[in-house]
Each structure stands twice: as structure tokens, then as C-alpha cells.
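Structural features, examined
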Amino acid sequence: MLKDFFYMGGYGSFIWSSYGIWLFAILLNYIVAHLKEKKAINNIITIYKHKKNDS
Amino acid sequence: MWKYIHQYASPRKFYEISLPISKWCGISCCLFFIIGLYSGLVMAPADYQQGDSFRIIYIHVPSAWMSLFIYVLMAISGGVGLIWHTKIAEIVSRNCAHTGAMFTFLALITGSIWGKPMWGAYWVWDARLTSELILLFLYLGYISLQSAFEDRRIAARAGAIIALVGLINIPIIHFSVEWWSTLHQGPTITKFDAPSIDVRMLIPLLFMTAAFKTYFITVLLIRSRSEILEYECNSSWVKKIIEKKLKC
């Protein structure tokens, strides 16, 4: 049954390649956004620490 | 009512409200994806003409819808930023672009892969496909323009003009299947009539559309939050957030 599911009536390669590209794209987009937020916070923490040390 | 809406034009208010909204949208997105993918890939029956290859619809169609929706949102928020100089509108407009470009690319690539077994070709210079490709170029042009200027506010204004001019492409994409003789099939859902798709195929499509929408809101809010922090890094409310993070 699992074999039939992946075979998808002979269209498996088309379907799974589409879903694979889609999954990769949405995960990458989410991870990039999340890393951007983390980087922004870390940059501000660094600036804040420098200012605190200077004062 | 305007006073209620206007308070969220404040970067601080927007930041505060975006945290719970993005959390709940993220959870809803995951749930909708699970339900949509299971019902679409397992429960929905095969199409009588296309067989199982129709299941690409569950990522192709929501991607195409989102590519149009996000562009309209990008243009409107760009216009609001241009007219009323609202920082939040500019931030939202700028942060729509990457996800919009991604969905446009996905609509094109999944459509192309679907086209091979159905039409015998990965690509044809069909009205719908060509206008969607132009939409991708508009997104890429907008993103490049944002990077070209050092001053973000000038970049936002230039981008808003491009986005508003490109808005003409949206009805062209939508009505292309009616105005021209195309290979691409006509509307089955977004028309002034009952949907011509079987309900067992329609329900997973609606779940996937909801999943894509909540995904977009989640990512948009995450991206916008990081830009708000950069803009407002010297304000007292950002300092309080940083102090809280340092204590943790």
C-alpha cells in the first residue's frame, strides 16, 4: 500500500519532486526569517553591551 | 475605529501584538498543513482524467493565489507608506516581497512539473504562465530596488511606485484564462458560480490555502519584527526587551 502511495499511479516522480521543492522552499524561507530576527537581536545586544561598558 | 487601527502603526504596539499572533498563526499553520496534506494526498480520490498527478494542485494553486495576494498587499502597504509616511506600512511592504517571490517561483515550478505529464511540455508561452513569470520579475525587481538604496525610507518609496505600477499585472494574470485562448484551465473556484471541483478535492485545497495564509502571516511578522528592532534600537522599549533577554 505504501508502495502504491509513493508510485501515485505512475506520476510519483512528478508529485514528489514538486512537494520536495515546495517543502525545501518554505522551510528555507522560515529559517532565513528566524535567523534574521536572531541576528537583529544579537546585534542590538552587542551595541547595548558596548554602550554599557563605555558608560 | 481608525483610532483603534492607527495605534498599531506604532512600531512598539505592532511589535507587542505580533508576538502572540505569529505564535498562534505558526501553530495553526502546522495543523492546517497536516490536515490538508493528509486529506489531499491520501483521502482525496484520483481525478478521472489526470489520475494522481492532480495532487500537485494542493501546492500549485495555493502558491499561485498567495503570489497574487501578497503582491496586492505589498502594493497597498507600499502605497500607504508612500502617502502617509507610515514606517510600519513600509516595513510590511518590504517584508512581503521575499515570501511573495518564493510563492511565485513555486507556482511556476510546480505548474511546470505538472505540465509535463499533462501538456507534454514543461513550459509554453501561454498567457497565464507568461504573466505569472512577469510577476516573478516584478518581485525580483522590487527586492533588487530595496537593496540598491542605503536609505531604507527612500528605497521604500521607490519600491512602492514599482509595486503600484505592477499592480496592473494582477487582473491580467487572473483573467488571462478568460481573455485569451490558453492551455491553462479556466477558474474552478474563484468565479461567480458554484465550484466545479468535487468537494472531496476542494476541502483539502481550502485547508492548504489556510495553511499557506497562516504561514505567510507567521513569516511576515517574524521578518517585520527584526526590522522594527533595527529601526528602533535606540528607544527605551527596545532596551527593556534586551535587558529582559540578558537576564534570561
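Here, the structure is the one placed above.
In what follows, the accompanying structure is described. (Residues numbered from 1 in each chain as written. Chains lettered and ligands numbered in written order. Predicted model: local features only at pLDDT ≥ 70, side-chain atom pairs only at ≥ 80, totals over all residues. Heavy atoms only, no water.)

The next thing to look at is the interface of chain B and chain A. Taken together, the contact pairs 42 residues of chain B with 28 residues of chain A. Contact between chain B and chain A buries roughly 3,200 Å² in total, counting both sides, with carbon and sulfur atoms accounting for 75%. On the surface where chain B and chain A come into contact, there are 1 salt bridge. For B:R225, the salt bridge goes to A:E37, with nearest N and O atoms at 2.8 Å. The interface formed by chain B and chain A contains 6 residue pairs in polar contact (both at pLDDT 80 or more). When residues of the side of chain B that touches chain A are traced back to their parent elements, those giving at least two are α2 (11–43), α3 (57–84), α4 (87–119), α8 (199–231) and α9 (236–247) of chain B. It is α8(B) that contributes the most residues to the side of chain B that touches chain A, 12 residues altogether. By residue class, the composition of the side of chain B that touches chain A is 23 nonpolar, 9 polar and 10 charged. (Contact = heavy atoms within 4.5 Å. Buried area = accessible area lost by both parts, 1.4 Å probe. Salt bridge = Lys/Arg side-chain N within 4 Å of Asp/Glu carboxyl O. Polar contact = N/O pair within 3.5 Å; in protein donor to acceptor, adjacent residues only side chain to side chain. Helix = DSSP H or I, 4+ residues; strand = E, 2+ residues; numbered from the N terminus. Nonpolar A, V, L, I, M, F, W, Y, C, P; charged D, E, K, R; others polar.)

Turning next to the environment of B:Y122. All names here are of chain B. The residue Y122 is located in the loop between α4 and α5 (127–148) in this model. The class of Y122 is partly exposed, set by a relative accessible area of 46%. C-alpha separation for the pair Y122 and K240, spaced 118 residues apart in sequence, amounts to 54 Å. Apart from residues lying up to four places away in sequence, Y122 is in contact with S112, I113 and K116. (Buried < 20%, exposed > 50% of the residue type's maximum accessible area, 1.4 Å probe, protein only.)

On to a nonpolar patch on the surface. Residue and element names in this part refer to chain A. Taken together, the side chains of L23, L27, Y30, I31 and L35 define a hydrophobic patch exposed on the protein surface, amounting to about 450 Å² of accessible area. Residue placement: L35 occurs in helix α2 (residues 12–54). With a relative accessible area of 48%, L35 lands in the partly exposed category. (Patch = residues over 30% accessible without salt bridge, like charges linked within 9 Å, V, L, I, M, F, W, Y side chains within 5 Å. Areas by Shrake-Rupley, 256 points an atom, 1.4 Å probe, with all protein chains shown as cover.)

Another aspect to go through is the packing of aromatic side chains. Tallying each qualifying case throughout the model produces 18 aromatic pairs over all chains. Within the aromatic cluster, the residues linked to one another by ring pairs are A:F5, A:F6, A:W16, A:Y19, A:W22, B:F33, B:F103, B:F212 and B:Y215. Here B:R152 stacks its cationic end above the ring of B:Y231, 5.7 Å away from the centre of that ring. Sitting over the face of the ring of B:F69, B:K213 holds its NZ or CZ atom 4.8 Å from the ring centroid. (Phe/Tyr/Trp six-rings, centres within 6.5 Å; stacked < 30°, edge-to-face > 60°. Lys NZ or Arg CZ within 6 Å of the ring centre and 35° of its normal.)

Such coordinate-based values are descriptive only and should not be taken to indicate function.
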